[in-house]
Amino acid sequence: MRQCCYLGKGVVLAGFIWEDEGFYSATLFPAKILTQASDKTKGEYEVISLVGSLDVAEGAKHWTKNVILKSHPAKKDEIKPGMVVLYMGGDPCKEDLEELKRAKWETGVILNTDELYKDVVEIRGCGGYRRIYKKHLSQLRIIDDPILKAPKEK
């Protein structure tokens, strides 16, 4: 059932809320770019949300520097401890295409791959709470552009 392009052509992941620490704290929503970042826009993109939540309405417009321009579903051979990936919430063993299309994403650092043979990894969220989660491989995306390094621990 896994499909590499479930986000659709031209869909980026853009920060709409919790952007205090940039990519590391932002909650990223599937979005379309309305205005490209430039010197004129002070490096910000204007985006429109393709999904809604309690915090962000579907169709909401927003200016942000926090845009993942390119990412792809994670594969086992790509996952390494210490790398920054995108993860979504929900049941760590469920793979639901509709849920993936409408998911909100956050950044996390891979901590442990001891259960990768079961398609499960341990992740520490980069956002405010920095909780540790077990996530199924289907709930991870590799960030291709921009390249992010793990944030320094506070």
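Remember, predicted model here, so these are calculated numbers, not experimental data.

### Focus on the environment of Thr113
Inspection of the secondary structure puts Thr113 in the loop between β8 (105-112) and β9 (120-125). Excluding its chain neighbours within four sequence positions, the residues that come into contact with Thr113 are Ile79, Pro81 and Val121.

### Some details on the packing of aromatic side chains
Applying the stated criterion across every chain, the model contains two aromatic pairs. Each ring, one from Phe16 and one from Phe29, has its centre 5.6 Å from the other, and the planes form 75°; the classification is edge-to-face. A residue pair is termed long-range when its members are at least 10 positions apart, and Phe16 in strand β1 (residues 12-17) and Phe29 in strand β2 (residues 27-35) qualify at 13 residues. Taking 5.5 Å as the distance between ring centres and 40° as the angle between the ring planes, the aromatic pair formed by Tyr87 and Tyr133 counts as tilted. Pair noted here: Tyr87 is in strand β7 (residues 84-88) and Tyr133 is in strand β10 (residues 132-136), with a separation of 46 residues, a long-range link.

### Points about the pairing of β2
Where β1 lies against β2, five bridges are found, and the strand directions are antiparallel. Within β2, the residue paired with Ile17 across the bridge is Thr27. Both β2 and strand β3 (residues 45-49) contribute to a ladder of four bridges, which runs antiparallel. If you follow Ala31 over to β3, its bridge partner there is Ser49.

### Notes on the pairing of β7
The element β7 is largely enclosed, with a buried count of five among its five residues. Judged by which residues are buried, β7 turns out to be covered on both faces: Val84, Leu86 and Met88 on one side and Val85 and Tyr87 on the other are all buried. Note: β7 against β8, five bridges, orientation antiparallel. Looking at β8, one finds that Val85 is bridged to Gly108. In the sheet, β7 pairs with strand β11 (residues 140-145) via three bridges, with the strands oriented antiparallel. Paired with Leu86 across the two strands is Arg141, which belongs to β11.

Here is what the cut-offs are and how they apply
Residues numbered from 1 in each chain as written. Predicted model: local features only at pLDDT ≥ 70, side-chain atom pairs only at ≥ 80, totals over all residues. Heavy atoms only, no water. Helix = DSSP H or I, 4+ residues; strand = E, 2+ residues; numbered from the N terminus. Contact = heavy atoms within 4.5 Å. Phe/Tyr/Trp six-rings, centres within 6.5 Å; stacked < 30°, edge-to-face > 60°. Pairing = 2+ DSSP bridges. Buried < 20%, exposed > 50% of the residue type's maximum accessible area, 1.4 Å probe, protein only.

No statement about biological role is implied by the geometric values presented.
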